[in-house]
Amino acid sequence: MRLPFTCMQCTFSDEGNSHPPYPKYVELRDDGRYEFTCEKGHTTVTVLQEQKFEVLFDLGAYAVLDGYYREAVASFTSSLERFYEFFVKAVLLEDGLDEATVAETWKQVSSQSERQLGAFIFLYLKCFTEKPSLLRPKQTTFRNEVIHKGKIPSRDEAVQYGQEVLDTIRPILKRVKTTFPKGVEKTVFQHLMNSRKADESQPVGTMTIATILSLNDGSGKEPSLEEALSEKQWWRDRW
Ligand SMILES: [Zn+2]
């Protein structure tokens, strides 16, 4: 998965108006920070606004398109785990807790996904006075077989698993956006700040991309994973 970047200085120069520069494709990065230098030597720094869970779900979708079904299952799983982290942070920040304290406390659970799931389940219960819908045990078993036992899934199995992850995240995402808007905003802001360098001297742009699981999307459209895959394939065929 690569992201297209265009040099803004070239685009808005007189020369750029007559010959808009071609975008340069940059590999996806963990820190969400993209720095590139165009042929004329202009350096652009851009941070990607999308949360990890959004990007990881799309990575899973691209893995399906590429025929890497084990990798797809791993990315969908990571997306769900990072979504639980997003939920916990948004709820705590909504409550006015200090961001540094939340980040410091998260470190206590950051290397154990079962602890994170536990934190999510009880925080969800406290917020909505009901237990959350989780992945069905059948899918959890399937995931463990793929990730820990080397099972090679079929395309259908990987897509079905991805669809269940999508169905698990979507209703909770909707709920967290409407119930904890301030917390969501703070979490997004914190994510953007983390992608910047502390001693940033040049202007930093923000970029947003269309993802299947989208925090920004207010359209209410909820395409199935298969529909989203067809759309991605359509774009890919035209690159
Ligand atoms: Zn340039």
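Definitions and cut-offs
Residues numbered from 1 in each chain as written. Predicted model: local features only at pLDDT ≥ 70, side-chain atom pairs only at ≥ 80, totals over all residues. Heavy atoms only, no water. Donors = N, O, S within 2.8 Å, 3.2 Å for Na, K, Ca; no water. Tetrahedral: all angles 85-135°; square planar, octahedral: opposite > 155°, others 65-115°. Helix = DSSP H or I, 4+ residues; strand = E, 2+ residues; numbered from the N terminus. Buried < 20%, exposed > 50% of the residue type's maximum accessible area, 1.4 Å probe, protein only. Domains from an automatic or database assignment. Pairing = 2+ DSSP bridges. Axes fitted to C-alpha atoms, helices over the stretch in contact; angles between N-to-C directions. Phe/Tyr/Trp six-rings, centres within 6.5 Å; stacked < 30°, edge-to-face > 60°.

Trainee: So what's going on with the coordination of the zinc ion? Which residues, and what values?
Mentor: Taken together, the protein donors to the zinc ion comprise Cys 7 (SG), Cys 10 (SG), Cys 38 (SG) and His 42 (ND1), at separations of 2.1 to 2.3 Å. Between the four donor atoms coordinating the zinc ion, the angles at the centre fall across 103 to 116 degrees, so the site counts as tetrahedral. Each donor residue of the zinc ion belongs to the same chain, and together they define the spacing C-x2-C-x27-C-x3-H. With Cys 10 in helix 1 (residues 8-11) and His 42 in the loop between strand 3 (33-37) and strand 4 (43-48), this residue pair connects regions lying 32 residues apart in the sequence. Residue classification places Cys 10 among the buried residues on the basis of a relative accessible area of 11%.

Trainee: Before we move on, can you summarise the domain arrangement of the chain with the specific residues and values?
Mentor: The assigned domain composition of the chain is domain 1 (2-48) and domain 2 (52-190). Spacing between the C-alpha centres of domain 1 and domain 2 amounts to 31 Å.

Trainee: An account of the sheet that holds strand 3 is requested, with residue identities and associated values reported.
Mentor: Ordered by their spatial adjacency, three strands build an open sheet running 3-4-5, and the pairing between neighbours is mixed. Where the open sheet ends on each side, the last strands, each with one partner, are strand 3 and strand 5 (204-207). For this sheet, the mean angle separating the axes of adjacent strands, direction not counted, is 30 degrees.

Trainee: Give a description of the packing of aromatic side chains that names residues and reports values.
Mentor: If you walk through the whole model with that rule in mind, you get 16 aromatic pairs. Between Phe 87 and Phe 120 the ring centres are 5.0 Å apart and the planes differ by 80 degrees, which places this aromatic pair in the edge-to-face class. Taken together, the residues span a long stretch of sequence, with Phe 87 in helix 4 (residues 69-94) and Phe 120 in helix 6 (residues 113-128) at a distance of 33 residues. Geometrically, the ring pair formed by Phe 87 and Phe 128 is tilted, given 6.5 Å between the ring centres and 55 degrees between the ring planes.

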